[in-house]
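Below are the chains, spelled out letter by letter.
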Amino acid sequence: MASTAFAEEPVQEFELDNGLKLIVKEDHRSPVVVSQVWYRAGSMDEVNGKTGVAHVLEHMMFKGTKSIEPGQFSRLIAEVGGKENAFTGADYTCYFQQLEKSHLPLSFKLEADRMANLVITDEEFAKEIKVVMEERRWRTDDKPQSRVNEQFQSMAFRAHPYGRSVIGFMNDLENMTADDAREWYQHWYAPNNAIVVVVGDVQANEVFALAKKYFGPLKARKLPERKPQVEPEQMGERRAVVKAPGKLPFVIMGFHTPTLSSESEGTENNWEPYALDVLAGVLSGNKSARLNQRLVRETALAVSVGAGYDSATRGRLSLFELVGTPSQDKTVKELEEALLAEIEKIKNDGVTQTELDRVKAAVIAADVYERDSMFYQGMQIGQLVTMGYNWRISKTYPEKLKAVTSQQIQAVAKKYLNRDNMTVATLDPQPIDPDAEPAGQPHIH
Amino acid sequence: MKTIRIFILLVCSFVIFNSHAAVKIEHWQTSEGSDVYFVENHDLPILDMSVGFPAGAARNTKATAGLAGVTRHMMSLGAAGMNEEDITNAFADIGAEFGGSLDADQAAFTLRTLTSEKEKAITVFNKVLHKPDFPIAVLAREKTRIIAGLQEAATQPESIANKAFMQALYGAHPYGLPEEGEEETINAITQQAMRDFYQQYYSAKSATIVLIGDITKSEAQTIANKVASGLPQTPAVKALPAVNLPVAANEQKIPHPASQAHILLGYPGVKRGDLDYFPLYVGNYILGGGGFVSRLTEEVREKRGLVYSVYSYFIPMSELGPFQIGLQTKKEQASEALKVVNDTLKDFVKNGITDEELKAAKSNITGGFPMRLDSNKEIMGYVAMIGFYKLPLTYLDDFNQEVNKVTAAQIKDAFNRRLNLSHFTAVIVGASD
């Protein structure tokens, strides 16, 4: 038991000579450790014709190195009781293990090995690309709302790679080769493009020594040039309809908005992302927040509604989103207008102090609750740093949100949530063939 | 937007501990007969609590399918004169998180609050538990929403498969009823039906109260007493009927235009506290529970690239919960994938496992203990499970020992006795033929 109740350990930062960043947060509540390796390489770094390669490489990272057989990585972690997995996003690829604390060296040893010595055979690639295609079918092709989101994203971003889904187009997966994966690995998997985050019952200086031992010998590499990819200003409303088997329609509406920028402190409009975040909270922070209270509970216009906004991205581009499913006798058009009417109300009348206080109460509490999860603490640090922010943003964030005023919320609503800056995608559900008979009635054999 | 290498199954059967259990659970009963479980922990200024009742979906009948879920849901939408907006706002004002869950066995309410706000939070929490109003206007609106959800679910292959599978596996037993109900049964729910259900199944005598976090034992006693004293003082809830095992194989093919076939296979499996639980649990880790290192994943995904996900699990419940194998694969190769799954299962049951596999399984299960209990939230989940199913308080301390005692012969014997492969249920949604 910690004797200093509620005291939070400081975050400690290190950098190796080869450019690898190490960030350690001690948390001595349980004898465990979370180890995450973040690469600044995600679908936003892909090019047309090779969409999905960041995620495919993530799969291949479990297929062996010069000294580790395919699948052996997972077996070695499983043997010591560890949990492991990986995920790919637009901004990053992350690999993680959760272990009893004495096994951290195993994590570093295996991660350092596959950072430099991955072997991608044609045979393993041929099998794994089929797995990824199954994943796309399961995650996107057969899920009507995922299809709408894919379409929506590609409409909102015409130039920036945020317009392409992380899983990639089926055509690109079908035509991907082992060489495409090898090229991706060669480009981006280097210590100077990686951030290691460790949270748990460890001593920071010992973790640093361990990192030097395992990651230290790896050579830094020149990374490919990252071209600026500026999204041209939107010049008017954009719309699309997706047809897919289902019963309920769905609408997603998005507005281009700014994000936190690493240099934003001290600039004139640096409060805007915070105001947008509070606006999302006022609209849908809980079941009594404006959208659900008005549109689901009071008017029964919708079955469900929501609002969302990401204030931090590596591409420094974000969307403020409104989503909803209309009730049975209502149309998506009616719901769209009702959602926009709620925004107009805020533009005209602002929000109440009670609403602001509620968002602030949630923020203050969340700041404490999240300390119950080591994994989440690591995620927060890793994401921010991989996106090119200082992790300290997460510490000043609650204070910044608390300072947001009703006038500032009105100002961002007026500035960004306009029809000329709006992208709308809707799902037009299609009946499943009503005459289709079961291929085989329940039978006994 | 993220895409993950495999989805993580959050299944209550994956409960893993070892003999160095660091969780000190205190247990007592209130004068009303509610069981209280308390874990004191002052590391963070947080209190987590959950109150569970044997009021899950298995308390429904064919005619009242969905009633248990609607009753639980409606309790939070009006209580002691507070309307739904008041209730949500009262929690939001102090940053408290109010939630709950429903499965076939259990209905539960949960609360997470800063300890500085616990009085306010518990006052509202207790209103919901003690004085639900079941407002009629809200019921009418929620019925419409629930039915819309049911109609949507009836078009989606995953939901179609799950519903058909449970129905086929359990027949007339309440585990076979659709948890969310049917359009007609939802429409038929009345305010009186919810009141009656509440009186019968939210009995203080059958409640399990779990408290963990930054409070003292005497505070925990005061809180638990308040929770228990306001609940219906009705007779303890009776046990569920036993499950009848299938007497024949049952295969259903349901057409669907999706690109993948969704396949579920299974048989009634195991109860909480079952003598065969540990051999089945350890064995299943090897068959299809152990993520990337299981036989099913190796054969179907790693060797042949036929699926993104294939798994097997036992869900131990009050009565025999399902043993289930699941996968999704491109329609055209559904038969091939199904054959590999069946061959793998048959070989596993017939020939058993190797000593090496057993050693690796035990090593993972026992070595994983500290990660399962590294947050208050996780500890609460496990203590609530122990409390609801009346498992011994030493369950956590004994777990690794029980796992280590399992032999390869016991695994083979338990799988052969408990799974009758010739009477399996199979559901294939979106088969190509």
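Residues numbered from 1 in each chain as written. Chains lettered and ligands numbered in written order. Predicted model: local features only at pLDDT ≥ 70, side-chain atom pairs only at ≥ 80, totals over all residues. Heavy atoms only, no water.

Draft legend 1. Geometry of the overall build of chain A. Scanning chain A from N- to C-terminus turns up 15 helices and 12 strands. Taking 2.2 N^0.38 as the reference for a compact globule, 445 residues should give roughly 22 Å; the C-alpha atoms of chain A span a radius of gyration of 24 Å, in line with that estimate. With respect to the principal axes defined by its C-alpha atoms, chain A has extents near 65 × 60 × 50 Å. For chain A, buried positions account for 59% of its 445 residues. In chain A, of all internal contacts separated by at least 6 residues, the share reaching a separation of at least 24 is 81%. With an accessible surface of roughly 18200 Å², chain A has 51% of that area assigned to carbon and sulfur atoms. Computing the positive centroid from 53 side-chain charges and the negative centroid from 63, chain A places the two 2 Å apart. (Helix = DSSP H or I, 4+ residues; strand = E, 2+ residues; numbered from the N terminus. Rg over C-alpha atoms; globule rule 2.2 N^0.38 Å. Buried < 20%, exposed > 50% of the residue type's maximum accessible area, 1.4 Å probe, protein only. Contact = heavy atoms within 4.5 Å. Areas by Shrake-Rupley, 256 points an atom, 1.4 Å probe, with all protein chains shown as cover. Lys, Arg positive; Asp, Glu negative; His and termini not counted. Charge placed at Lys NZ, Arg CZ, Asp CG, Glu CD.)

Draft legend 2. Representation of the pairing of strand S10 (residues 318-326) of chain A. Residue and element names in this part refer to chain A. Burial analysis of S10 places 7 of its 9 residues in the buried class, which makes it a mostly covered element. Examined bridge by bridge, strand S8 (residues 250-257) and S10 share 7 bridges and lie antiparallel to one another. When the sheet's bridge partners are listed, threonine 257 is paired in S10 with serine 318. Bridge count between strand S9 (residues 302-309) and S10: 7 bridges; the pairing is antiparallel. Bridged to glycine 306 within S10 is valine 323. (Pairing = 2+ DSSP bridges.)

Draft legend 3. Local environment of the packing of aromatic side chains. Residue and element names in this part refer to chain B. Evaluated as defined, the whole model comprises 40 aromatic pairs over all chains. Seen from their ring centres, tryptophan 28 and phenylalanine 38 are 6.4 Å apart, and the 65° between their planes marks the pair as edge-to-face. Here the residue tryptophan 28 occupies a position in strand S2 (residues 26-29), and phenylalanine 38 occupies one in strand S3 (residues 35-40), the gap between them amounting to 10 residues. Their ring planes at 15° and their centres at 5.2 Å tell us that tyrosine 311 and tyrosine 313 sit as a pair that is stacked. Residue classification places tyrosine 311 among the buried residues on the basis of a relative accessible area of 10%. Of the residues examined, tyrosine 313 reaches a relative accessible area of 10% and is grouped as buried. (Phe/Tyr/Trp six-rings, centres within 6.5 Å; stacked < 30°, edge-to-face > 60°.)

Draft legend 4. Up close: the packing of helix H10 (residues 295-302) of chain B against helix H11 (residues 334-351) of chain B. Residues and elements named next belong to chain B. Where H10 contacts H11, the axes come no closer than 10 Å and their chain directions differ by 150°. With respect to each other, H10 and H11 are oriented roughly antiparallel. The crossing of H10 and H11 is right-handed. Residues Arg295, Leu296, Glu299 and Val300 of H10 touch H11, and the partners they reach there are Val340, Val341, Thr344, Asp347 and Phe348. (Axes fitted to C-alpha atoms, helices over the stretch in contact; angles between N-to-C directions. Parallel < 35°, antiparallel > 145°, perpendicular 65-115°, else oblique. Left-handed = near helix turned anticlockwise from the far one by under 90°.)

Draft legend 5. Inspection of helix H12 (residues 353-369) of chain A at higher detail. Over its 17 residues, H12(A) extends 24 Å from the first C-alpha to the last, a length consistent with the 24 Å expected when each residue adds 1.5 Å. Residues of H12(A) that are buried include every one of A:Glu355, A:Leu356, A:Arg358, A:Val359, A:Lys360, A:Ala361, A:Val363, A:Ala365, A:Val368 and A:Tyr369, and no others. (Expected span 1.5 Å × (residues − 1).)

Draft legend 6. Up close: the sheet that holds strand S9 (residues 208-213) of chain B. All names here are of chain B. Ordered by their spatial adjacency, 6 strands build an open sheet running S2-S3-S9-S4-S8-S7, and the pairing between neighbours is mixed. Each edge of the open sheet is held by one strand with a lone partner, namely S2 and strand S7 (97-102). Averaged over all pairs of adjacent strands, the angle between their axes in this sheet comes to 15°, without regard to strand direction. Where S3 lies against S9, 6 bridges are found, and the strand directions are parallel. Across the sheet, the residue bridging to aspartate 35 is threonine 208, located in S9. Of the strands in this sheet, S7 and strand S8 (107-114) are in contact with helix H1 (residues 67-75), which crosses S7 at around 170°. Those strands touched by helix H8 (residues 217-229) are S2, S3, strand S4 (46-53) and S9, and its axis lies near 150° from that of S9.

Draft legend 7. Structural context of the sheet that holds strand S7 (residues 238-245) of chain A. Residue and element names in this part refer to chain A. Spatially, S7-S11-S8-S10-S9 is the arrangement adopted by the 5 strands of the open sheet, whose pairing is mixed. The strands lining the two open edges of the sheet, one partner per strand, are S7 and S9. Averaged over neighbouring strand pairs, the angle between their axes works out to 15° when direction is ignored. One ladder, built from 6 bridges, connects S8 with strand S11 (residues 422-430); its direction is antiparallel. Residue isoleucine 252 lies in a different strand from S11, and its bridge partner there is alanine 425. The strands that helix H11 (residues 332-349) touches are S7, S8, S9, S10 and S11; relative to S8, the one it contacts most, it runs at about 35°.

Draft legend 8. Quick look at the interface of chain A and chain B. With 83 residues of chain A in contact, the opposing surface of chain B contributes 77 residues. Together, the buried faces of chain A and chain B total about 7000 Å²; carbon and sulfur atoms form 57% of this surface. The interface formed by chain A and chain B contains 5 salt bridges. At the junction of chain A with chain B, the criterion picks out 33 residue pairs in polar contact (both at pLDDT 80 or more). Among the elements that make up the side of chain A that touches chain B, the one with the highest residue count is helix H4 (residues 122-141) of chain A (10 residues). Partitioned by chemical class, the residues of the side of chain A that touches chain B number 36 nonpolar, 21 polar and 26 charged. (Buried area = accessible area lost by both parts, 1.4 Å probe. Salt bridge = Lys/Arg side-chain N within 4 Å of Asp/Glu carboxyl O. Polar contact = N/O pair within 3.5 Å; in protein donor to acceptor, adjacent residues only side chain to side chain. Nonpolar A, V, L, I, M, F, W, Y, C, P; charged D, E, K, R; others polar.)

Draft legend 9. Molecular detail of the confidence of the model for chain B. Chain-level pLDDT for chain B is 94 on average; 95% of the residues reach the 70-or-more range. Across the predicted assembly, pTM comes out at 0.94 and ipTM at 0.92. (pLDDT = per-residue confidence, 0-100.)

Draft legend 10. Quick look at the nonpolar core. The biggest cluster of nonpolar side chains holds 66 residues, and the ones touching the most others in it are B:Val282, B:Tyr395 and B:Phe415. Counting residues in hydrophobic clusters, the runner-up holds 64 residues, among them A:Val11, A:Leu301, A:Val363 and B:Met371. (Core = buried A, V, L, I, M, F, W, Y, C linked by side-chain atoms within 4.5 Å.)

Draft legend 11. Geometry of the side chain of B:Ser206. All names here are of chain B. With respect to the secondary-structure elements, serine 206 resides in the loop between helix H7 (191-201) and S9. A relative accessible area of 14% places serine 206 in the buried class. A polar contact is formed between the side chain of serine 206 and the backbone nitrogen of valine 237, at a distance of 2.9 Å. Apart from the residues within four sequence positions on either side, serine 206 is in contact with Gly52, Phe53, Pro54, Ala236 and Val237.

Draft legend 12. Spotlight on the pairing of S7(B). All names here are of chain B. Here S7 pairs with S8 via 6 bridges, running antiparallel. By the bridge assignment, phenylalanine 98 is partnered in S8 with leucine 111. The turn joining S7 and S8, which pair antiparallel and follow one another in sequence, is formed by 4 residues.

Draft legend 13. Geometry of the pattern of salt bridges. For the structure on display, the rule yields 58 salt bridges over all chains. A salt bridge links A:Asp122 to A:Arg182, with the shortest nitrogen-to-oxygen separation between them at 2.6 Å. With A:Asp122 in helix H4 and A:Arg182 in helix H7 (residues 178-188), the pair connects residues that are 60 residues apart, well separated along the chain. Taking relative accessible area as the criterion, A:Asp122 reaches 52% and is therefore assigned exposed. For B:Lys163, the salt bridge identified is with B:Glu182, shortest N-O distance 3.0 Å. Highlighted residues: B:Lys163 in helix H5 (residues 157-170) and B:Glu182 in the loop between H5 and helix H6 (183-187), separated in sequence by 19 residues. Within the structure, one salt-bridge network assembled from shared partners comprises A:Glu237, A:Arg239, A:Lys333, A:Glu336, A:Glu337 and A:Arg419.

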